[in-house]
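Chain and residue survey
What follows is each chain in one-letter form.
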2 protein chains.
Amino acid sequence: MAEFDLIAKYFTRPVTADLGVGDDAALIRVRPGYQLAVSADMSVSGTHFFTDTDPYLIGWKAMAVNVSDMAAMGAEPRWATLSVALPEVDEDWLSGFSQGLFACADRYGVSLIGGDTTRGPLNIAINIMGEVPAGEALRRNGAQTGDDIWVSGKLGQAALWLQHRMGRLDLHAEEVAKLATVMHQPQPRVALGLALRGIAHAALDVSDGLLADLSHILTASGKGAQLDWGLFPLPELPFSQVARSTMQQAVLAGGDDYELCFTAPQLRRDEILQLAQTLDVPLTRIGGITAVPGLTVLDGATRIELSHKGYNHFD
Amino acid sequence: MAEFDLIAKYFTRPVTADLGVGDDAALIRVRPGYQLAVSADMSVSGTHFFTDTDPYLIGWKAMAVNVSDMAAMGAEPRWATLSVALPEVDEDWLSGFSQGLFACADRYGVSLIGGDTTRGPLNIAINIMGEVPAGEALRRNGAQTGDDIWVSGKLGQAALWLQHRMGRLDLHAEEVAKLATVMHQPQPRVALGLALRGIAHAALDVSDGLLADLSHILTASGKGAQLDWGLFPLPELPFSQVARSTMQQAVLAGGDDYELCFTAPQLRRDEILQLAQTLDVPLTRIGGITAVPGLTVLDGATRIELSHKGYNHFD
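Residues numbered from 1 in each chain as written. Chains lettered and ligands numbered in written order. Predicted model: local features only at pLDDT ≥ 70, side-chain atom pairs only at ≥ 80, totals over all residues. Heavy atoms only, no water.

Further remarks concern the overall build of chain A. Of regular secondary structure, chain A possesses 9 helices and 12 strands. For 315 residues, the compact-globule formula gives about 20 Å, and the C-alpha radius of gyration of chain A, at 20 Å, lands near that figure. Split into buried and exposed, the 315 residues of chain A put 59% on the buried side. Residue pairs at least 24 apart in sequence account for 87% of intrachain contacts in chain A once pairs closer than 6 positions are excluded. For chain A, the accessible surface area stands at approximately 12,100 Å², while carbon and sulfur atoms represent 50% of it. (Helix = DSSP H or I, 4+ residues; strand = E, 2+ residues; numbered from the N terminus. Rg over C-alpha atoms; globule rule 2.2 N^0.38 Å. Buried < 20%, exposed > 50% of the residue type's maximum accessible area, 1.4 Å probe, protein only. Contact = heavy atoms within 4.5 Å. Areas by Shrake-Rupley, 256 points an atom, 1.4 Å probe, with all protein chains shown as cover.)

What follows deals with the pairing of strand β7 (residues 202-206) of chain A. Residue and element names in this part refer to chain A. Extensive coverage of β7 is indicated by the burial of 5 of its 5 residues. In the sheet, β7 pairs with strand β9 (residues 259-264) via 5 bridges, with the strands oriented antiparallel. Across the sheet, V206 pairs through a bridge with E259, a residue of β9. (Pairing = 2+ DSSP bridges.)

On to helix α2 (residues 55-73) of chain B, then. Residue and element names in this part refer to chain B. The end-to-end C-alpha distance of α2 is 28 Å, a good match for the 27 Å that 19 residues give at a rise of 1.5 Å each. Across the 19 residues that make up α2, a large majority, 18, are buried. Between a side-chain oxygen at the N-terminus of α2 and the backbone nitrogen of Y56 the separation is 2.9 Å; the capping residue is D54. (Expected span 1.5 Å × (residues − 1). Polar contact = N/O pair within 3.5 Å; in protein donor to acceptor, adjacent residues only side chain to side chain.)

Moving on, we get to the packing of aromatic side chains. Within the structure shown, the criterion is met by 10 aromatic pairs over all chains. Among the aromatic residues, those joined into a cluster by ring pairs are F11, W93 and F97 of chain A. The aromatic ring of Y34 of chain B is capped on one face by R31 of chain B, whose charged end is 4.2 Å from the ring centroid. (Phe/Tyr/Trp six-rings, centres within 6.5 Å; stacked < 30°, edge-to-face > 60°. Lys NZ or Arg CZ within 6 Å of the ring centre and 35° of its normal.)

Mapping chain A onto chain B leaves a residual RMSD of 0.0 Å; the transformation is a rotation of 180° accompanied by 0.0 Å of translation along its axis. Both chain copies can therefore be described as sitting about a two-fold axis. Looking at chain A, 100% of its interface residues are interface residues in chain B too, so the copies touch through the same face. (Least-squares fit on C-alpha atoms with pLDDT ≥ 70 in both.)

All names here are of chain A. By the secondary structure assignment, R189 is in the loop between α5 (173-184) and α6 (190-195). A relative accessible area of 17% means that R189 is categorised as buried. At 2.7 Å, the side chain of R189 forms a polar contact with the side chain of E259. Residue contacts for R189: discarding those within four places in its chain leaves A71, S152, G153, Y258, E259, L260 and V281.

Per the UniProt annotation, the sites labelled "domain: PurM-like N-terminal" (unreviewed entry) are residues 22-130 of chain A. Taken end to end, residues 22-130 of chain A has its terminal C-alpha atoms 21 Å apart, with 33% of it in helix and 39% in strand. (UniProt positions renumbered as here; feature names shortened; annotations may be inferred.)

This part takes up the packing of helix α4 (residues 157-165) of chain A against α5 of chain A. Residue and element names in this part refer to chain A. Two elements in contact, α4 and α5, have axes separated by 8 Å at closest approach and are oriented at 115°. In the crossing of α4 with α5, the sense of the turn from one axis to the other is left-handed. Here Q157, A158, L160, W161, L162 and H164 of α4 come into contact with α5, specifically with V176, L179, A180, V182, M183 and H184. Taken together, the residues that form the contact of α4 with α5 break down as 9 nonpolar, 3 polar and no charged. (Axes fitted to C-alpha atoms, helices over the stretch in contact; angles between N-to-C directions. Left-handed = near helix turned anticlockwise from the far one by under 90°. Nonpolar A, V, L, I, M, F, W, Y, C, P; charged D, E, K, R; others polar.)

Gaps left between atoms are located by rolling a probe of water-molecule size over the structure's atoms. If you walk through the whole model with that rule in mind, you get 2 cavities of 30 Å³ or more. Of the voids in this model, the largest cavity is the one considered here, and its volume is about 70 Å³. Lining the largest cavity are 13 residues, and of these A125 and N127 of chain A together with A125, I126 and N127 of chain B lie nearest its centre. Of all the secondary structure elements, the ones that give two or more residues to the lining of the largest cavity are β3 (76-86) and β5 (123-133) of chain A together with β3 (76-86) and β5 (123-133) of chain B. Each residue belonging to the lining of the largest cavity can be placed in one class, and the counts come to 7 nonpolar, 6 polar and no charged. Estimates place the volume of the second largest cavity at around 30 Å³. Contributing to the lining of the second largest cavity are V44, P121, L122 and N123 of chain A together with V44, P121, L122 and N123 of chain B. The residue inventory of the lining of the second largest cavity, partitioned by class, reads 6 nonpolar, 2 polar and no charged. (1 Å grid on protein atoms, 1.4 Å probe; cavity = no way out; pocket = protein on both sides within 12 Å on 5 of 7 lines; lining within 4 Å. Points joined across faces, edges and corners; volume = space filled by probe spheres on them.)

Residues and elements named next belong to chain A. In contact at an axis separation of 6 Å, helix α2 (residues 55-73) and helix α3 (residues 91-107) are set at 35° when each is read in the N-to-C sense. In this structure, the crossing between α2 and α3 has a hand that is right-handed. On α3, the residues that touch P55, Y56, I58, G59, W60, M63 and A64 of α2 are W93, G96, F97, Q99, G100, L101, A103, C104, A105 and R107. Split by residue class, the contact of α2 with α3 holds 12 nonpolar, 4 polar and 1 charged.

Further remarks concern the pattern of salt bridges. All names here are of chain A. All told, the structure shown has 34 salt bridges over all chains when counted by the stated rule. A salt bridge links K9 to E91, with the shortest nitrogen-to-oxygen separation between them at 2.8 Å. Of this pair, K9 sits in helix α1 (residues 3-10) while E91 sits in helix α3, and the two are 82 residues apart along the sequence. Taking relative accessible area as the criterion, K9 reaches 51% and is therefore assigned exposed. Relative accessible area serves as the criterion here: at 31%, E91 is assigned to the partly exposed category. (Salt bridge = Lys/Arg side-chain N within 4 Å of Asp/Glu carboxyl O.)

With that out of the way, let us pick up the environment of D256 of chain B. Residue and element names in this part refer to chain B. Within the element layout of this structure, D256 appears in the loop between α8 (244-253) and β9 (259-264). What D256 contacts, discounting residues up to four positions off in sequence, is K61, A158, V182, M183, V206 and S207. One polar contact links D256 to K61, side chain to side chain, over a distance of 3.2 Å.

In the UniProt entry, the feature "binding site: Mg(2+) 3" (unreviewed entry) is given for D24, D69 and D205 of chain A. The annotated residues occupy 182 residues of the chain and do not converge on a single region, their most distant C-alpha atoms lying 32.7 Å apart. Turning to its location among the elements, D24 of chain A is positioned in the loop between α1 and β1 (26-28). Classification of D24 of chain A by relative accessible area gives buried; the value is 6%. Every residue in contact with D24 of chain A, bar those within four places of it in the chain, is listed here: S39, D69, A72, M73, R140, A203, L204 and D205 of chain B.

What follows is the structure in structure tokens.
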């Protein structure tokens, strides 16, 4: 199958753009008064997913992690390009992969407007673009002393699945299935990101682990933070099954959850809790921003120390 | 070296953007009245370049092939994201690669505004964005019956280098050096692309081989073409060294030259030749667009038949 046939068959759909797949470049028009938010994430077989993962899920997640960056910026996801290296033309795999990719793109209003296909070890590089009213993007550098720190959903579920998959954690089948869905089909918090414009002082998505990601906000804002383990929303697993240290490691340093972490003034608490109701997204206050740099997590009166603070591809 | 240190050290430079590397997304603003042209090209070790290629040249070319797509659209290259998978953190390699990448980006006015670094088999995915006045982009679908077909520069040089590198063609050292420069440091025809707005009816860059690429214009425009081998500008090599069939294969079907091929009304001939002078870019008329579909290359009265029409990653 030639490259052009392959693109036509699997990667060409109607788009919301002035010009889509099939020329040297796509053409889009950004609404007046809006900035374009641009982000890129690469998914590599063996690094980001197990090679035997259902291609539908690989496609979904490759798109979802990019959409999540738009959510984190408070941007409306609009367009994406896909560059994919394939070891061979496996039509079953391509069919599943493209269905998963488009399912996620459709779910979040993203048009695939271009890209590249080539031969090579399996690698999926997506570049996403979204629109945000000029000056309203959620940045990392705006956290203020006294801000509450919030997270959406529950952290640690993807990491617990991974522990199970690697044979380090024994779980019941139905629990595994629930965690697997979080790992493989993350639901980026786009509606939440949009709603947080004008409310959050700083925001990002939790992809490498809460402490690692939150520390980017702290560095960019020149602040510190104190978190209270007792406030954290925990995955619903029988605690007998999971050691406290394993749970803490997963929740505080596990990556791949794609929830949002944001800071907001204490005065906005009620509004944020109302938002949680309206959007049907759990939002939990887990701590606060401090003037003194440093990031502390307290479990009662004890400071939690972790062996790994988060995910680093080059550790 | 952690991912963030690596990005800070090698891939962070001052940018022309509202927000560059370091947040969940970059923020750019497209000028009112302009469309954004978006294109992505992936370069894979072993597919697009030999693994032992000087990393500076890998960096230059990975950016150049993307810039070339902007040239082909008549768009001004402005911004790019880079996603790169690296088998290991080799600081010598990274230093050379990033220098080559930025040398090309700087040469053509491109700001690197974001991206991703991860571990995996060497793979470089760039997404480029440029600006073009709304409605003025050079498309593939506008060729008209009777249009002249033009190419910039000389085709086939990169393909001849490749033949030499693969031991199929014996050339003198200084000729090899000249061809190698074309192969590894293509100079995208950005100024030409911009100047062709309002003149060319259709355009693209020659990356997969002239016949393969030109056929995209013909398909998109619903036209045919006849080319005259006698008109082609040939690489300056002693003909005794290169068989006529080898030369024809390289010029007509060799990829990787990144010259522009465009069609324009016969009435614009003088203007185009004047442009060649002004821009100091050789422009050669090699044939014409026909109403009848099909693509013929005549060598005198004989029709040239090639064994391969162009490059296809999945042949």
